[in-house]
Amino acid sequence: MQLALSFSTLLASVLFVLSATGNGVEAAPAKRAPRSVTLPLTRIHQTRTDIHPQILLQQHINRSVKRYARMKGRTPPSKREMEEKIAKRMFIPEGGRPKFNANSKRYNRKGASKTNPVAAVEELVGAQLEPFAKGKGKKHKQQQAAANANANATAGADGTTDADNGQLTPANAPTAANSLGLDIEAKDVGYIATIQMGTPPRDFHILMDSGSADLWVGAEGCQSQAGGGCGNHEFLGSQSSSTFKDLGQQFQVTYGTGAVAGDVIQDNINVAGLALNGHTFGVALEETQDFSDDSVPFDGLMGLAQSTLSEQGVPTPVEALASAGLIDEAITSYKISRLADNKNDGEITFGGLDDTKFDPNTLVTFDNAATNGFWEGAMDSVSVDGQDLGLQGRTAILDTGTTLIVAPDADAQAVHAAIPGAQSDGQGGFTIPCNTNASVALTFSGQDFAIDTRDLIFAQADNTGENCVSGISSGQIDGDTTWLVGDVFLKNAYFSTDVTKNTISLAKLV
């Protein structure tokens, strides 16, 4: 399919490219017990009207493939390889993409005949990858407006909403005691809960991630790889907390997008009223711009895979809560909400399942197939409109920190071949009709879970309103049978993990 890029969109896309190239037993988990904790999940808004959808798609594919490689213990694609993939999508003439021979030059815009697109990307990215600057980190974050405590994103004078401006849509007040909600970042990009840290306790907005195993927030004096401090965020250290203790150990974590490095410390944290005094976690002294930028609406990240993955070598918060007897079992359960539904009822529950969020008749529990601490389950089948595609022997890594679904290329091709009007873009992405009513379903332990068509559509592909970018793509996982299954799917199921039993549970939402 041919696409045309305006110069302004192209330029904005080039400037944003850094974010894609920075160096997821048969016994079911116990139902909600008195000592389980539910946090509201706030959705993160991140509409990228300044980024062409094809480039935004490639950024998400790059992040997912890099994350997948880390999960499978493989060498991730190099920065150069990721830049080349973005450059390939980026340099498109107004009349469409020409066909190149293997050794032909790239299209050059308006007389820039000597420009090499990959070199141009490298020059822009390289300028951002200078050694960490010596600037001071800011000490406090702009406060969230109390007026947003109820909920739905409201339109401003220009018609834009919090979602359009890359901010958080606050979750409704949780319905259970000892509960917090998941706020929504942008248009279903990420999910944020608020916990307290330090003495005196202060609110920190934390991204919840089932695909990693470290808790961290920015340190006082944090420095950004882009230069200067780490933005308008909350920071933790001895100046702000009288119970802060530096353990003299260092840690570093690299994600599909971004990286942090800093010190392992101890301080008090509070999760929905449950106090973990002297909990061991990290403060980041250095952050890539993916975390340090003012536009990032969270202060840190909580990894909720198994602690065998922890770069800090410490228990995850849910494991620590169970060890301290504050919850009955080391279970984490997620109800991820969808911005378009306007329900804002996202929650994360520690210690059990919230049976008000799902149909108990559809609850299935299966063994974790991963041996390295991630959450990976056997996938019985994949179907489109009830037609089994014959994809047997597949597994799925379930990862709240991934937006898309990324499948082996042959599998992604098979899915889209069954969707009327779908086309491959030849680079791992696919377009589907914006008005598609195709029902794609993944089946686990005999229970099928259909993906809402609103989630299947990632973005509009052009200005016609007819072609949309699919939320299912393929990555550099040829020959493998493992899918990386992110929020495109997880918004359609109640998702629970049990560290003690090493099991995963899914159920249909109500």
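For the structure itself, look to the data block above.
Please read all numbers here as calculations on a predicted model, not as lab measurements.

A. Structural view of unusual backbone geometry. Here Thr199 and Pro200 are connected by a cis peptide whose omega angle stands at 0°. Summarising the element assignment, Pro200 is placed in the loop between strand 4 (190-197) and strand 5 (202-209). At Ala272, a residue that is not glycine, the phi angle is positive and equals roughly 50°. Turning to its location among the elements, Ala272 is positioned in the loop between strand 9 (259-271) and strand 10 (274-287). Owing to a relative accessible area of 10%, Ala272 belongs among the buried residues under this scheme.

B. Region of the structure containing the sheet that holds strand 25 (residues 467-470). One open sheet holds the four strands; their spatial order is 20-21-25-24, and the pairing between them is antiparallel. Taken across any chain shown, the strands that pair with only one partner, and hence form the sheet edges, are strand 20 (423-424) and strand 24 (457-460). Relative to strand 25, strand 24 runs antiparallel, the two being bridged by three bridges. From the neighbouring strand, Gln460 faces strand 25, where its bridge partner is Cys468. Against the sheet, helix 8 (residues 409-417) contacts strand 20, strand 21 (430-433) and strand 25, and its axis sits at roughly 15° relative to strand 21.

C. Looking closely at the state of the cysteines. Within this structure, the stated rule accounts for two disulfides. Between Cys434 and Cys468 runs a disulfide, and the two sulfur atoms are separated by 2.1 Å. With the S-S dihedral at roughly 105°, the linkage between Cys434 and Cys468 falls on the right-handed side. Linking Cys434 in the loop between strand 21 and strand 22 (440-444) with Cys468 in strand 25, this pair joins segments that are 34 residues apart in sequence. Residue class for Cys434 comes out buried when judged on its relative accessible area of 18%. Under the relative-accessibility criterion, Cys468 is labelled buried at 3%.

D. Just the packing of aromatic side chains, in detail. Applying the stated criterion to the full structure yields eight aromatic pairs. Considering the side-chain rings of Tyr255 and Phe291, the 5.7 Å spacing of their centres and the 75° angle between planes classify their relative orientation as edge-to-face. In this pair, Tyr255 is assigned in the loop between strand 8 (245-254) and strand 9 and Phe291 in helix 6 (residues 289-292), connecting sequence segments 36 residues apart. Exposure class is identical for Tyr255 and Phe291. Each is buried.

Reading the values: rules and limits
- Residues numbered from 1 in each chain as written.
- Predicted model: local features only at pLDDT ≥ 70, side-chain atom pairs only at ≥ 80, totals over all residues.
- Heavy atoms only, no water.
- Helix = DSSP H or I, 4+ residues; strand = E, 2+ residues; numbered from the N terminus.
- Buried < 20%, exposed > 50% of the residue type's maximum accessible area, 1.4 Å probe, protein only.
- Pairing = 2+ DSSP bridges.
- Contact = heavy atoms within 4.5 Å.
- Axes fitted to C-alpha atoms, helices over the stretch in contact; angles between N-to-C directions.
- Disulfide = S-S within 2.5 Å.
- Phe/Tyr/Trp six-rings, centres within 6.5 Å; stacked < 30°, edge-to-face > 60°.

These results come straight from atomic positions and should not be treated as a statement about function.
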